[in-house]
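Structural overview
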Amino acid sequence: MVNDMNENNRQEHKHFLSPFTFHIKADSFIPATEDERRQQILMRESTSFWKDGFRRLKRNKVAMTCIFVLSFLILAVLFVPIFWPYSYDDQLGVTRGQPVDASYNNLHPFEYGETELELIESGERVFPHIFGTDSLGRDYFIRVVFGARVSLSVGLFASILVLIIGTIYGSVSGYVGGKLDLVMMRIVDMIYALPDMLVIILLSVVLNRVFEDRLAGTVFAALGANMISIFIVFALLYWVGMARLIRGQILSLKEQDFVLAAKSIGASHARIIRKHLLPNCISVIIISTALQIPSAIFTESFLSFLGLGVSAPMPSLGSLANSALAGVYSYTYRLVIPAIIICLIVLSLNLLGDGLRDAFDPKLKA
Amino acid sequence: MSDYIDHEYMVEVNNLKKYFDIPLGFFRTAKLKAVDDVSFFIRKGETLGLVGESGCGKTTVGRTLLQLYHPTGGQILFNGKELHTKEEIQAFRMKAAMVFQDPYSSLNPRMTVGDIIGEPLDVHHLYKTPEERQARIRELMELVGLSSEHATRYAHEFSGGQRQRIGIGRALAVNPELIVCDEPVSALDVSIQAQIINMFEDLQKKLGLTYLFIAHDILIVRHISDRIAVMYLGKIVETAESEEICDRPLHPYTQSLMSAVPSRDPETSRKSQRIILEGDVPSPLHVPSGCPFRTRCPKAFARCTEEVPLLREVAPNHFASCHLLEPKQE
Amino acid sequence: MSLLEVNSLKTSFLVRTGEVKAVDGVSFTLEKGKVLGIVGESGSGKSVTAYSILQILSHPGKIIGGSIKLNDEELVGANPSFIQKIRGNKVSIIFQDPMTCLNPVFTIGNQLMEAILLHTSRNKKEARERALEMIRLVGINDPEKRLKQYPHELSGGMRQRIMIAMALACEPDVLIADEPTTALDVTIQAQILELMKKLQKELGMAIIMVTHDLGVIVQMCDEVIVMYAGRICEKGTVDEIFYEPKHEYTKGLIRSIPYGSKKESRLIPISGSPVDVLNLPKGCAFAPRCDKAMKICLEQKCELVSLNQTHSSSCWLNIADLIDKGQIAPDESIVPEDKEGGTANV
């Protein structure tokens, strides 16, 4: 009997094709109001390009470590010289009117000169020479800090120069196109074909001569002719990569409908480049600038190592390494320390560049 | 001002030609005749539908009309006047706007919706204070059915239909008289297409707009247009009132085009006899001699190879270019 | 026994922001020699359903439940080499864009013959014969010349014909066509549809036609599945779907087709925006856009209810109808009887 009932029920409710539970309440079947329906539609949280990119960057542990290392270095480079009792060009053994105190030269880490030892004995506290001193009795720690400062600022400013020149050149070439593009790109090819190290060496020698006299008395004098010529060399040679990159981006972007839309509105060429094309290249620009800095630092160190970089007494990491070569057997750490700093800067900038690329341009990720 | 008012035609295009040079290698180029000797007119406040298959040149017509391409030959009259100088063209840009096919690539991904809609205002300096600009943007967003709270969002946060509304809002910013709509609904879902089409119709009524509506979907073009022009390989082959051309197509190409549209009604679909065309559309780089359609035309005969048929009035207000439709010569 | 039986198929994409239920409990059967249409908007899960059958889902996509039986053999969870054997042999697929599916560096002949050699025991010469035969079959003239051509030398319509030839070369039981004519012009679309219909009759295979175009459905299909947000809204024969639609979404879809001119009528669109697959509502996914939505529509999803032998729909309005007719008594729970489904009990 029960089976029969079940059978009947089954016949009656064969409508349902799959297992299904619901409780029929008459008041469920009254129309829903407009408001109730609208509540179901949720708009996703607003995300902008930057928010999205930084969120991805934050999840990248390697990149975050690099940011930490770099900000530590930058802060050190900016603030350490303020309270450090020694200066990079201070020869500790030399006091005017007195003979040179040779005991200050070539101190090992945490050693003190003779007068300092006397002071300590008399109960005064003397700031230690953490990395010792160099052969002229200058505190090596502050020289390394200054070296890093020089290297970082060379990297930064050179990259900004490259960025400006490359972006302008590349966007004009890509946007105008046609014959102008052809000519402009052949110029780029020619610069590309030059052996850059040779040109850098030649140029910096020549420029050094040219600038030596003219700089005297200007603000640039502090920088030294060598630094200026390094900037000029960078500006002249290294923008080509950036220009090519930007041109390629612009070429594909200018075919997009939103550029045509801007033209149909009557926007000027400058506006189209500024408002529509470049903002869409921004990820490429950030990434390649981030990768440009370490290469500039490396080149600067290399040139300074060869003696073509910053002029003494201003140190750079490369020139510190160079002068350390003389006493490399007795004072190996003087070579190792700047080398490690260079490696740290270059490596973390490179890894940060990779991280930025993954975060802001996920398509480029191989 | 006075000489504008009397003019019946907002747009008059005479023998428009637009050829592109296609590079084939060093120093060698081929002429691509995208638009070849096209003449038409659009009356004030009407919608002209421009139909054709891909590569027939309909998009080029729209863009050349908006002075985005420089025509190779022919004449474009806007309110009875040709545009020559830069200033004239810049003034024209405030009277004519464009709506694009792809709602994804036609909006700058790095700009907020407010900035996209407000760009025409910026370009033409159409406001005095930032508040005025904001107010106008809000007004435009509400006009196209978007919530004005969303002005600070980016385009990628919106669905295809909403993005197309943003595009229409941008087109309306300068209070244009003419809007060229280049396949404005073909990238959208069926259920959204109808929303956008209705909006186009409402805006036309409200603002007295004139449309050039370019599309390949005949059902939609038929619904929105007053008159339809059919293009094939850079030429207009037939033009007439929209009902006339859909119900009584005269040119063999239009006939097959109309019959190729699958009916949305199962009964009519089963009954209907389709004219299936043979072969493919020839490349616009190698347009056949004589009538461009002769290679696929089921009714082609010797004369079609030799002579280009001219667009002539074959019935009242019904123009077609086919040798078969010419009055019999005694 | 049906040729293809899909039972409560669930396919999800596991992305960072959560699980995208692209297909959420889809069931249907396909008989030999029938054409089944799957229609829906972008994001409705129509293509994912088709891809799930061949298990060619793109990366984060995964079948997480249900069963797919081809000739009574289970495909879900089957050995990958078994699926490999099925692909192209028993079940083939053609895609929307033929250019991206043909390798630009090989000739047409190369690619056609590879497909044949891979799945049949023919030798090279026989495979060439078969390739020529297939090219002739899909209505391309001068087959010898075509074998030596590269994909870019052919027009869009021609390429789609080649894709069809390739798909049919091994005489599959089921052909899945994923928007096969969307990239083509109307006159070429007419050619391809005509060809597919002719071949389907000649070879007696079953076709699953995935499309958003109701016109294509009308012209090609025997049965139709209407999908929305990964679920089936309505299932039935072409006539049932077009003349007696029971789901509000289907009704809206058919209403929104333009007909006549603006002088005659205004279009009746479906309001709102397509559903956001990452943000599915709790109840019926279509409810926020539905003018007739009831309270229960916002609370609970409705399952497919069969209205007659062939027609079923998942709309609470149908159930409200059944309650009115007294076929289901109110204030009662319907609970499942067994896990296999098929029937439910009061």
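Residues numbered from 1 in each chain as written. Chains lettered and ligands numbered in written order. Predicted model: local features only at pLDDT ≥ 70, side-chain atom pairs only at ≥ 80, totals over all residues. Heavy atoms only, no water.

1. Considering the overall build of chain A
To keep it simple, the criterion reads: By the criteria applied, helices consist of DSSP H or I runs no shorter than four residues and strands consist of E runs no shorter than two, each listed in order from the N terminus. Only protein chains enter the accessibility calculation, which uses a 1.4 Å probe. A residue is then buried if its area is under 20% of the maximum for its type, exposed if over 50%, and partly exposed in between. Two residues form a contact once any of their heavy atoms are found within 4.5 Å. The protein chains shown are the only cover counted for residues, whose accessible areas, like all others here, come from Shrake-Rupley with a 1.4 Å probe.
Secondary structure assignment for chain A yields 15 helices and one strand. Relative to its 366 residues, chain A shows a buried fraction of 44%. When contacts within chain A are restricted to residue pairs at least 6 apart in sequence, long-range pairs at least 24 apart make up 71% of them. Carbon and sulfur atoms make up 65% of the accessible area of chain A, which totals about 19,400 Å².

2. Structural notes on the overall build of chain C
Definition in use: The quantity called the radius of gyration is restricted to C-alpha atoms. Its globule counterpart is 2.2 Å times the number of residues to the power 0.38.
Across its full length, chain C holds 13 helices and 14 strands. By the compact-globule yardstick of 20 Å for 346 residues, chain C fits well, its C-alpha radius of gyration being 22 Å. Viewed in the frame of its principal axes, chain C has a C-alpha envelope of about 70 × 55 × 40 Å. Counting all 346 residues of chain C, 55% fall into the buried class. Across chain C, contacts joining residues at least 24 apart in sequence account for 61% of those joining residues at least 6 apart. In the structure as shown, chain C presents an accessible area of about 14,200 Å², 50% of it carried by carbon and sulfur atoms.

3. Topic: the pattern of salt bridges
For clarity, the cut-off: We define a salt bridge as a contact between a side-chain nitrogen of Lys or Arg and a carboxyl oxygen of Asp or Glu at a distance within 4 Å.
Here the structure, examined in full by the defined rule, presents 37 salt bridges over all chains. Of the charged contacts in the structure, one is a salt bridge between Lys235 of chain B and Asp36 of chain B, with a shortest N-O distance of 3.3 Å. Taken together, the residues Lys235 of chain B in strand β10 (residues 235-241) and Asp36 of chain B in strand β2 (residues 28-43) connect sequence positions 199 residues apart. Note on Lys235 of chain B: relative accessible area 19%, which makes it buried. Since its relative accessible area comes to 12%, Asp36 of chain B is described here as buried. Across the pair Asp24 of chain C and Arg231 of chain C runs a salt bridge whose closest N-O atoms are separated by 3.3 Å.

4. Observations regarding the sheet that holds strand β3 (residues 35-39) of chain C
Residues and elements named next belong to chain C. Short version of the rule: Here a strand pair is declared whenever DSSP counts at least two bridges between the two strands.
With mixed pairing, the eight strands of this open sheet are ordered in space as β6-β7-β8-β3-β9-β10-β12-β11. The open sheet is flanked by β6 (91-94) and β11 (305-306), the only strands paired with a single partner. In this structure, β3 lies alongside strand β8 (residues 206-211), joined through five bridges in parallel fashion. Residue pairing across strands places Leu36 opposite Ile208, the latter belonging to β8.

5. Looking at the side chain of Ser105 of chain B
Mapped onto the fold, Ser105 of chain B is located in the loop between β6 (96-99) and α4 (113-123). Setting aside anything within four residues of it in sequence, one finds Ser105 of chain B in contact with Gln256, Asp257 and Phe258 of chain A.

6. Considerations on the interface of chain C and chain B
Rules: A quick way to say it: buried area is the sum, across both parts, of accessible area lost when two parts are put together, with a 1.4 Å probe. Pairing of N or O atoms within 3.5 Å defines a polar contact, subject to two protein rules: one partner must be a possible hydrogen donor and the other a possible acceptor, and residues neighboring in sequence count only if both atoms are side-chain atoms.
Contacts between the two partners involve 45 residues from chain C, matched on the other side by 44 residues from chain B. Approximately 3,700 Å² of surface area, both sides summed, lies buried where chain C meets chain B, with 52% of it carried by carbon and sulfur atoms. Where chain C meets chain B, there are three salt bridges. Scanning the region where chain C abuts chain B turns up 15 residue pairs in polar contact (both at pLDDT 80 or more). In terms of residues, the side of chain C that touches chain B owes the most to one element, helix α8 (residues 186-203) of chain C, which gives seven residues.

7. Examining the environment of Asp189 of chain B
Locating Asp189 of chain B in the fold gives a position in the loop between β7 (178-182) and α7 (190-207). We classify Asp189 of chain B as buried; its relative accessible area is 13%. Along the primary structure Asp189 of chain B and Gly161 of chain B are separated by 28 residues, whereas in three dimensions their C-alpha atoms are 8.1 Å apart. Look past the residues within four positions of Asp189 of chain B in its chain and what remains in contact with it is Glu41, Ser42 and Pro274 of chain C. Separated by 2.8 Å, the side chains of Asp189 of chain B and Ser42 of chain C make a polar contact.

8. Some remarks on the nonpolar core
Just so we agree on the cut-off: We define the nonpolar core as a collection of buried residues of types Ala, Val, Leu, Ile, Met, Phe, Trp, Tyr and Cys that are connected through side-chain atoms lying within 4.5 Å of one another.
The biggest cluster of nonpolar side chains holds 78 residues, and the ones touching the most others in it are Ile164, Met196 and Met209 of chain C. The contacts of Met209 of chain C, once residues within four sequence positions are left out, are Leu36, Gly37, Ile38, Ala177, Pro180, Leu193, Met196, Val216, Ile217, Met220 and Cys221 of chain C.

9. Quick notes on the interface of chain A and chain B
With 25 residues of chain A in contact, the opposing surface of chain B contributes 27 residues. Overall, the association of chain A and chain B removes approximately 2,200 Å² of surface from exposure, summing both partners, and the carbon and sulfur fraction of that is 57%. Taken together, chain A and chain B are joined by three salt bridges. The salt bridge partner of Glu119 of chain B is Arg271 of chain A, with a shortest N-O separation of 2.9 Å. Inspection of the region where chain A meets chain B yields 10 residue pairs in polar contact (both at pLDDT 80 or more).

10. Quick notes on the sheet that holds strand β9 (residues 227-232) of chain B
All names here are of chain B. Keep this limit in mind: Note on definitions: angles span 0 to 180 degrees between N-to-C directions of axes, and those axes are lines fitted to C-alpha atoms, for helices only across the stretch in contact.
Across the sheet, which stays open at both edges, the eight strands sit in the order β6-β7-β8-β3-β9-β10-β12-β11 with mixed pairing between neighbours. Only two strands of the sheet have a single partner each, and these edge strands are β6 and β11 (312-315). The sheet shows a mean angle of 25° between the axes of neighbouring strands, direction not considered. Strand direction decides the pairing type here: β9 and β10, joined by six bridges, are antiparallel. By the bridge assignment for β10, Arg227 is matched with Glu241. Against the sheet, helix α10 (residues 252-260) contacts β3 (47-51), β9 and β10, and its axis sits at roughly 105° relative to β9.

11. Focus on the packing of aromatic side chains
All names here are of chain B. Here is the rule we go by: Note on aromatic pairs: the rings of Phe, Tyr and Trp (six-membered ring only in Trp) are paired at centre separations within 6.5 Å, and the planes decide the class, stacked below 30 degrees, edge-to-face beyond 60, tilted for the rest.
Under the criterion given, the structure shown has 19 aromatic pairs over all chains. Look at Tyr232 and Tyr253: their rings are 4.5 Å apart centre to centre, the planes differ by 55°, and that puts the pair in the tilted class. With Tyr232 in strand β9 and Tyr253 in helix α10, this pair connects stretches of sequence that are 21 residues apart. By relative accessible area, Tyr232 is classed as buried at 1%.

12. Some thoughts on unusual backbone geometry
All names here are of chain B. Despite not being glycine, Asn15 shows a phi value in the positive range, around 50°. For Asn15, the position within the fold is in strand β1 (residues 9-25). Owing to a relative accessible area of 41%, Asn15 belongs among the partly exposed residues under this scheme. Phi angles above zero are rare outside glycine, and Asn175 is one such case at about 55°. Counting through the fold element by element, Asn175 comes out in the loop between α6 (160-172) and β7.

13. Topic: the packing of helix α4 (residues 108-119) of chain C against helix α7 (residues 156-168) of chain C
Residue and element names in this part refer to chain C. Filter applied, for reference: Here the word oblique covers every angle except those under 35 degrees (roughly parallel), over 145 (roughly antiparallel) and from 65 to 115 (roughly perpendicular). Throughout, a crossing is termed right-handed when the near helix is turned clockwise from the far one, and left-handed when it is turned anticlockwise from it by less than a right angle.
At a minimum axis distance of 8 Å, the contact between α4 and α7 shows a crossing angle of 25°. Considering the angle they form, α4 stands roughly parallel to α7. As α4 packs across α7, the resulting crossing turns out to be right-handed. Packed against α4, whose contacting residues are Ile108, Gln111, Leu112 and Ala115, the element α7 presents Ile162, Ala165 and Met166 at the interface.

14. Topic: the confidence of the model for chain A
Residue and element names in this part refer to chain A. The criterion, for reference: On a scale of 0 to 100, pLDDT captures the predictor's confidence in every residue.
Across chain A, the average pLDDT comes to 80, with 85% of residues at 70 or higher. Per-element mean pLDDT across chain A ranges from 44 in helix α1 (residues 2-12) up to 92 in helix α12 (residues 257-265). The low-confidence segment residues 1-13, where pLDDT is below 50, has nine contacts with residues more than four positions distant or belonging to other chains.

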